[in-house]
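# Fold and contact review
Below, each chain spelled out in residue letters.
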Amino acid sequence: MKIIPPDLANFFVTSRIYSRAVLVYSLVANSLAPRTSSKSGGIRKYGFTIIEVLIAAAIISGAFIASSTITTTLLSRHDENSKSARSAFVGEEGMEVVRYLRDSSYANNIATKTLSVSYYAVFSAGDWSLTTTVPEIIDGNFTRTILFYGVNRDATGAIVTSGGTLDPETRQVEVSTSWSGQAGTVTKKINSYVAKIF
């Protein structure tokens, strides 16, 4: 099954609407064109009334307003879908930054971070770091936060959500990406674990 790209599908929908508007206009124009009729052996010409003109104008205006509304809605949805897709890449980049810092030094870059506090990934002087200072908006749209949570393990070493003993060499990581949507702030989260391996 072939999938039509969203932009092309929007173009087809808009083209159909305008085609129908033109068809309506043609039908109305033909129906309102001056007509002739014969009566009592003579020829009488008559035109169209003001009411007919108003009806024709209302039909044409309605068609163009509807097409404009649908086009605006489609473009808005396309923008929302685009931001949602881009936010996934922004979030994954944040998780990769955490893994990079873990590989560089778990003790200095991960273990020292306060649990449940929002951190922000900053690239400066050719390297990544985590800071509590809110940085500039990413790509003019996104805010990315990184939080660390403690991880508990039971006697067998398995991760447990309650009880167990805190493992100082493992952290749960939550990366949240937020942006302004039509209905308000939209947030997407991804979660993973990082552990001291070096």
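One can find the structure itself at the top, above this paragraph.
The following refers to the structure shown. (Residues numbered from 1 in each chain as written. Predicted model: local features only at pLDDT ≥ 70, side-chain atom pairs only at ≥ 80, totals over all residues. Heavy atoms only, no water.)

## Focus on the sheet that holds strand 6 (residues 159-160)
In plain terms, the rule: In this analysis, strands are considered paired if DSSP registers two or more bridges between them. The secondary structure listing takes helices from DSSP runs of H or I that are at least 4 residues long and strands from runs of E that are at least 2 residues long, numbered from the N terminus.
Taken together, the four strands give an open sheet; going across it, the order is 6-5-7-8, and neighbouring strands pair in antiparallel fashion. For this open sheet the edge positions go to strand 6 and strand 8 (184-195), each flanked by a neighbour on one side alone. Alignment of strand 5 (residues 143-153) against strand 7 (residues 165-181), held across ten bridges, turns out to be antiparallel. Counted as the bridge partner of Gly150 is Arg171 from strand 7.

## Brief notes about the packing of aromatic side chains
As a reminder, the rule being used: Within 6.5 Å between ring centres, the rings of Phe, Tyr and Trp (the latter by its six-membered ring) count as paired, and their orientation is classed by plane angle as stacked under 30 degrees, edge-to-face over 60, tilted in between. When accessible area is computed with a 1.4 Å probe and restricted to protein chains, residues below 20% of their type maximum are described as buried, those above 50% as exposed, and intermediate ones as partly exposed. Remark: a charge is flagged as sitting over a ring if the NZ atom of Lys or the CZ atom of Arg is within 6 Å of the ring centre and within 35 degrees of the ring normal.
All told, the structure shown has three aromatic pairs when counted by the stated rule. Centre to centre, the rings of Tyr119 and Phe148 are 6.1 Å apart; their planes meet at 65°, and the pair counts as edge-to-face. Taken together, the positions of Tyr119 in the loop between helix 3 (106-109) and strand 3 (120-124) and Phe148 in strand 5 put the pair 29 residues apart, joining distant regions of the chain. According to the relative accessible area criterion, Tyr119 is buried, its value standing at 7%. Its end group placed over the ring of Tyr119, Lys113 keeps NZ or CZ at 5.9 Å from the ring centre.

## A few points about unusual backbone geometry
The backbone of Ser116 shows a phi angle near 65°, a positive value even though the residue is not glycine. Along the chain, the position of Ser116 falls in the loop between helix 3 and strand 3. With a relative accessible area of 48%, Ser116 lands in the partly exposed category. In this structure, Ala125 is a non-glycine residue whose phi angle is positive, near 55°. Since its relative accessible area comes to 84%, Ala125 is described here as exposed.

## Points about the nonpolar core
As a reminder of what qualifies: Among the buried residues, those of types Ala, Val, Leu, Ile, Met, Phe, Trp, Tyr and Cys that are joined through side-chain atoms within 4.5 Å form a nonpolar core. Two residues qualify as a contact provided that any one of their heavy atoms is within 4.5 Å of a heavy atom in the partner residue.
The biggest cluster of nonpolar side chains holds 14 residues, and the ones touching the most others in it are Val98, Ile110, Leu130, Ile146, Phe148 and Val173. Of all the elements in the fold, those that place two or more residues in this core are helix 2 (50-104), strand 5 and strand 7. Ranked by the residues each element gives to this core, the list is headed by helix 2, at four residues. In this structure Phe148 touches Val98, Ile110, Lys113, Leu115, Ser116, Tyr119, Leu130, Arg171, Gln172 and Val173, once residues within four positions along its chain are discounted.

## Section: the pattern of salt bridges
Here is the rule we go by: Basic side-chain nitrogens of Lys or Arg form a salt bridge, by our definition, when they fall within 4 Å of a carboxyl oxygen of Asp or Glu.
This model, assessed by the stated rule, comprises six salt bridges. A salt bridge links Asp103 to Arg102; the nearest nitrogen and oxygen atoms lie 2.5 Å apart. Glu174 serves as the salt-bridge partner of Lys189, at 4.0 Å between the closest nitrogen and oxygen. Residue Lys189 is found in strand 8, and its partner Glu174 is found in strand 7; the two are separated by 15 residues along the sequence. Residue Glu174 is classed as buried on the basis of its relative accessible area of 13%.

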